[in-house]
Amino acid sequence: MLAEHGLTQRQLQQTSQATYAANNLLQMLNSMLDFARVESNEATLQLAPLCLVDLIDTCESLILPLCQAKQIQLQIDIDPHISPF
């Protein structure tokens, strides 16, 4: 909706980052609620594959703007021998 109002490229990027962060926060809250349900025996856990590289990329995209704003270099090294799943 904001994209339709003639925002600058920087404003569009910030809006996109805010939306992305908000969606991740929502997922985190849902995960916490799911964990609470498991602890109260109202739900069961299911094992599912997780792409570690995607998870790290997601974390990096959320943290990188904060690091850049404080002029902190973010370096992520992933051992090539670690399976991504």
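The rules behind the values
One numbering rule holds for all chains: residues counted from 1, following each sequence as written. In view of the model being predicted, local features appear only for residues whose pLDDT reaches at least 70, and side-chain atom pairs are presented and counted only at 80 or more, with totals across whole chains, interfaces and linings using the full set of residues. Hydrogens are left out, water is left out, and the side-chain values use all remaining heavy atoms of the structure. Going along the chain from the N terminus, every DSSP run of H or I of four or more residues is numbered as a helix, and every run of E of two or more is numbered as a strand. Here the globule rule is a power law, 2.2 Å times the number of residues to the power 0.38, and the radius of gyration is based on C-alpha atoms. Residue burial is assigned from relative accessible area. The probe radius is 1.4 Å, only protein chains are included, and a residue is buried under 20% of its type maximum, exposed over 50%, and partly exposed in between. Any helix carries an expected span of 1.5 Å times its number of residues minus one. Note on bend: at a given residue it equals the angle between the axes fitted to the 7 residues ending there and to the 7 starting there. Counted as salt bridges are all cases of a side-chain nitrogen of Lys or Arg within 4 Å of a carboxyl oxygen of Asp or Glu. Contacts are residue-level and defined by heavy atoms, with any inter-residue pair within 4.5 Å sufficient. Nonpolar side chains (Val, Leu, Ile, Met, Phe, Trp, Tyr) within 5 Å and like charges within 9 Å form the patches, drawn only from residues with over 30% relative accessible area and no salt bridge. For the area figures, the Shrake-Rupley method with a 1.4 Å probe applies, and any residue is considered shielded solely by the protein chains shown.

### Details of the overall build of the protein
Argument step 1. Helices and strands together make up the secondary structure of the protein, namely two helices and zero strands.
Argument step 2. Relative to the globule expectation of 12 Å for 85 residues, the C-alpha radius of gyration of the protein, 17 Å, shows a markedly less compact shape.
Argument step 3. Among the 85 residues that make up the protein, the fraction classed as buried is 4%.

### Concerning helix α2 (residues 52-69)
Counting along an α-helix, one turn takes 3.6 residues, and residues three or four places apart therefore face a common direction.
Argument step 1. A rise of 1.5 Å per residue sets the reference length of α2, with its 18 residues, at 26 Å; its end C-alpha atoms lie 26 Å apart and thus fit the reference within 8%.
Argument step 2. Of all the bends found along α2, the most pronounced is centred on Ile63 and spans about 35°, while Pro65, a proline, follows it within four residues.
Argument step 3. Just downstream of α2 lies Gln71, where phi reads positive at about 55°.

### Here's the deal with the pattern of salt bridges
Argument step 1. Across all of its chains, the model carries one salt bridge by this definition.
Argument step 2. Here Asp34 ties to Arg37 by a salt bridge, and the two come within 2.6 Å at their closest N and O atoms. Here Asp34 pairs with Arg37, and both are found in helix α1 (residues 9-39), just three residues apart, close to one helical turn.
Argument step 3. What makes Arg37 partly exposed here is its relative accessible area of 36%.

### Observations concerning the side chain of Asn24
Argument step 1. Summarising the element assignment, Asn24 is placed in helix α1.
Argument step 2. Look past the residues within four positions of Asn24 in its chain and what remains in contact with it is Thr58 and Leu62.

### Regarding a nonpolar patch on the surface
Argument step 1. A cluster of nonpolar side chains, namely Leu50, Leu52, Val53, Leu55, Ile76, Ile78 and Ile82, defines an oily patch on the protein surface of about 530 Å² accessible area.
Argument step 2. Along the chain, the position of Val53 falls in helix α2.
Argument step 3. By relative accessible area, which is 32% here, Val53 ends up partly exposed.

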